[in-house]
Every structure is written in structure tokens, then in C-alpha cells.
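Each chain, letter by letter, is given below.
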Amino acid sequence: MTVSTSPCFFRMHNVIQDYAWGSTTSIESLFGIANPEGNPQAEIWMGAHPNGCSQIDVEGEITRLADFIAADKAATIGVDTDNQFGELPYLFKVLAAEKALSIQVHPSKAQAEVGFAKEQDAGIPLSAGHRNYKDPNHKPELVYALTPYQAMNGFREIDQIVSLFRCLEIADLHELVVALEENQNETGLRQFFEAMLSLQGEVKETALAGLLAYAEQHKDDELFALILELAGQYPGDIGLFSPLMLNVLTLQPGEAMFLHACTPHAYINGTGLEIMANSDNVLRAGLTPKHIDIAELVASTRFVPMLEDKLLLAPDVSEGGLHYPIPVPDFKFSVYHSQQDIALTTTSAEILFAIDGAVTVTHASGETLTFEIGESVFIPANAQSYTVHSTGRFARAYN
């Protein structure tokens, strides 16, 4: 194997997105990243996405990661990745939610390609509020909890949904609930979900009032306490019914879950690492003031319940790391605990992130770089192999 004489390790400078739902304290507390003005620090973006491209140190100069990759894609992301994707195929993040994000569905690759082309042909600007598809890509995701991390993911089993809605005894929803009880299948769930999202005017207001009245009477129940909390964040939003339709779970630190395309989900609160395909496609289903295209959302959703005991993603443990089985080729994700000089081999572009201890990477050429908690390093494919020494956990994003 030829030893690379080009630089192999590039310290990253990453964009921090200040979305309104972000935590004002978590990123500073976990990683020591100063926040003197107390602004929301919602997401740290590590990657080459145009909406928040990282910069890297290249021989003393600050360079956009996207430009560095474009200058020699075979060397930076690897020949196979370049042939398949033509770009860095993933976006790696720290996500810190103090307020719930919108309930959303990400389309499949095929749906995104069709939807994007259709909106392009219609001349809808990419920045338009009613635009559904920002690119022709899918957006599967994995989240790895750094703190207790509450979320919704996938539909509950249908009999659970029926039981929860029956408890409410809301007259305006009676026929919908009966129809679902009599049709406990994909068609019945689709019709129920679409009808709930389509509630308007006085019927919607009365249904929400009934929900909140019941929740107030049962606020000792965690589920209904959550609904009251969400009502404070998104008053009058039809998404307040979502915890009755979707699985609600709290990941403990070190646990992970995968979010498939075409599956409704929402992050409620907590801080975690998130890795996803390089896409910005979101079809919203509630807990948002933004545009909801019910028809497109329903067409892009799989109405298949997810069993609660299948929501967490168990890692494979080997070669000193926890390796999470990802069912798409866009990205891989591993977490390593304290390591004494572990050797890693790469054929693609990698990003390492120091979770809770300093990390030192060393190459056979003699090059070395140390980065601290909350910092990251970009490693191109032509590095081929390197050694890592760490005093705590570090995460590895690659493909």
C-alpha cells in the first residue's frame, strides 16, 4: 500500500444553526462551545451541505469543504462514492432540541426524484414556503442519544390508537374512530390519519378542546402530560393528537434508533448525534406553523405500525467499536469508547467527532492531529488508514 504524502487530517469549523427550537444551554454545557448571547444552538452541521457547509484548515488556509471535495473527488470521497453519489453522501450533526420539532415524513428516493422534478418543471422556487422537495434525494436518519432524548417514531399498533382515542370520548371524532376500529389495516389507518389532519374550523377546535380537557384531567399520565407540554409550544395545532397515533419513546444516553423514509416521526427534546443522507426534504404533519401538503404527505407515508420493541437499533460490537446496522448505502455510523491506538481503514471520506474526551489521529506518514471535546476532523479517502488514540468516546461518520 502506498503511503499518502498529502495531508490526511483536516480540522473542521462547523456551522451552528440557531433554529428557534434549539437549546440555549446544551451544546455549551456538553462541549464548552461558548454561547455568550444565549441564542438557540439547535444543530452543529458537519459536512458539505450548501445550507451549512463546514470549513476546513488546508495548509493554513480556511477552505469550504464542498470546494475541497470538488477539486479532487476521487481522492477525497473515493472513486466508488463519487461514481454512486457524486458528492459527500451524508450530513453529520449534533442536534439539541429544547422545543419539539415538527412531525415529519421524509420521502423515499423514488418519490423525491419524481416530486423534485415536478416542482422544478412547475417553476416553484427552492425557497418557496409551499415547496415540498428541495432536492431529489431521500433522507433516512440515525440518532444517537447523548442525553435522555424523547421522540416519536412510527405508528402505534392500530388497536392502541383506537383505545386511546376511545378514552377521549370526543363526539366529533366518533365516526372516525369507529371506522378505524372496523378497518384495522393500512387503508383504515391512512384514512384515519388523513381525516385527522384535514379537520378544520369548529370541528378542529372542539376536538382539540376535548383532547386538552382530557389531558388536564389525566396529567399524571406521562402521555397526556406530554400533550399539555406540546400544547404550550404549539397551541391550536392538530399535531397535538400525534402522541396518540405515534410511538413515544425516550432514548437513554448511548441508545440509538433509525428513522426510515416514509415514516412519521418527531424529535421532542434532548441532545444527540444525527447522521442522515445529504438531503433537506421534509413533508410536515403537524407541530409547525409551516406549510402542510396533506395529499403529498399521505402519498409519501407508509401506514404500517412499528412495534415498540423494534424501535431501538442494537449495534454490532467488533474491532473496538459499536457499529450500527444501516439499511442504506449513504452512510455508516460507529462509536468507539476510550481507545489505545486502534487502527482504522477507510475507502471513503470520514468525519470523526470527539464526544467526551480528546482524540489524537496519526498517519503512517507521521502526520498527527489532536482535537478536543466537541471538535471534529475530516479524513479523505486517500488517507487509506490511520490510528486513533482517545481518552473518551468518539463518533465516526463514513459510508
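Just above, that's the structure.
Overview of the structure. Throughout, a residue's number is its position along its own chain's written sequence, starting from 1. Whole-chain, interface and lining totals are the exception, using all residues; otherwise, since this is a predicted model, local features are given only for residues with pLDDT of at least 70 and side-chain atom pairs are given and counted only at 80 or more. For the side-chain quantities, the full set of heavy atoms in the structure was used; hydrogens and water were omitted.

What follows is about the environment of Ala-215. In DSSP terms, a helix is any run of H or I states spanning at least four residues, a strand is any run of E spanning at least two, and both are numbered starting from the N terminus. Along the polypeptide, Ala-215 turns up in helix α9 (residues 201-217). For Ala-215, a relative accessible area of 0% puts it in the buried group. Between the alpha carbons of Ala-215 and Leu-168 there is a distance of 8.8 Å; along the sequence they are 47 residues apart. In this description, contact between two residues means that some pair of their heavy atoms is separated by no more than 4.5 Å. Dropping the residues within four chain positions of it, Ala-215 is found in contact with Phe-224, Ile-227 and Leu-228. Working definition: with a 1.4 Å probe on protein chains only, accessible area under 20% of the residue-type maximum means buried, over 50% means exposed, and in between means partly exposed.

It is worth spelling out the nonpolar core at this point. One finds Phe-165, Leu-168, Leu-173, Phe-241 and Leu-244 to be the most contacted residues of the largest nonpolar core, which totals 51 residues. Excluding anything up to four places from it in sequence, Leu-168 contacts Leu-211, Tyr-214, Phe-224, Phe-241 and Leu-244. Think of a nonpolar core as a cluster: buried Ala, Val, Leu, Ile, Met, Phe, Trp, Tyr and Cys residues, connected wherever their side-chain atoms sit within 4.5 Å. Counting residues in each nonpolar core, the second largest holds 41 residues, with Cys-53, Val-94, Val-335 and Phe-378 among its members.

To continue, consider the sheet that holds strand β5 (residues 61-64). Should DSSP find at least two bridges between two strands, the strands are regarded as paired. Spatial ordering of the open sheet is given by β5-β4-β1-β21-β18-β23-β16-β15-β14, a layout of nine strands whose pairing is antiparallel. The open sheet terminates on both sides in strands that have one partner only, identified here as β5 and β14 (316-318). Strand-to-strand, the axes of this sheet are offset by a mean angle of 30°, without reference to chain direction. Where strand β4 (residues 55-58) lies against β5, four bridges are found, and the strand directions are antiparallel. Bridging across to β5, Val-58 finds its partner in Glu-61. Axis definition: a line fitted to C-alpha atoms, limited for helices to the stretch in contact. Angles are taken between N-to-C directions and run from 0 to 180 degrees.

Turning next to unusual backbone geometry. One non-glycine residue, Glu-59, lies in the positive phi region at around 50°. Within the secondary structure, Glu-59 is located in the loop between β4 and β5. On the basis of relative accessibility, which here comes to 69%, the residue Glu-59 falls in the exposed class. Phi at Glu-319 is positive, roughly 50°, even though this residue is not glycine. Within the secondary structure, Glu-319 sits in the loop between β14 and β15 (321-324). Residue Glu-319 is classed as exposed on the basis of its relative accessible area of 70%.

The next subject is the sheet that holds strand β22 (residues 385-390). Reading across the sheet, the four strands line up as β17-β22-β19-β20 and stay open at both edges, with antiparallel pairing between neighbours. What marks the edges here is a single partner per strand, and that holds for β17 (339-345) and β20 (368-371). Taking the axes of each pair of neighbouring strands and ignoring which way they run, one obtains an average angle of 20° across the sheet.

To continue, consider the pairing of strand β8 (residues 141-145). Within a regular strand, the side chains alternate between the two sheet faces. Across the five residues of β8, five count as buried, placing the element largely inside the fold. Side-chain alternation along β8 places Glu-141, Val-143 and Ala-145 on one buried face and Leu-142 and Tyr-144 on a second face that is also buried. Pairing between β8 and strand β11 (residues 256-259): four bridges, direction antiparallel. From the neighbouring strand, Val-143 faces β11, where its bridge partner is Met-257. Looking at chain direction, β8 and strand β12 (residues 265-277) are connected through five bridges and run antiparallel. Paired with Tyr-144 across the two strands is Leu-273, which belongs to β12.

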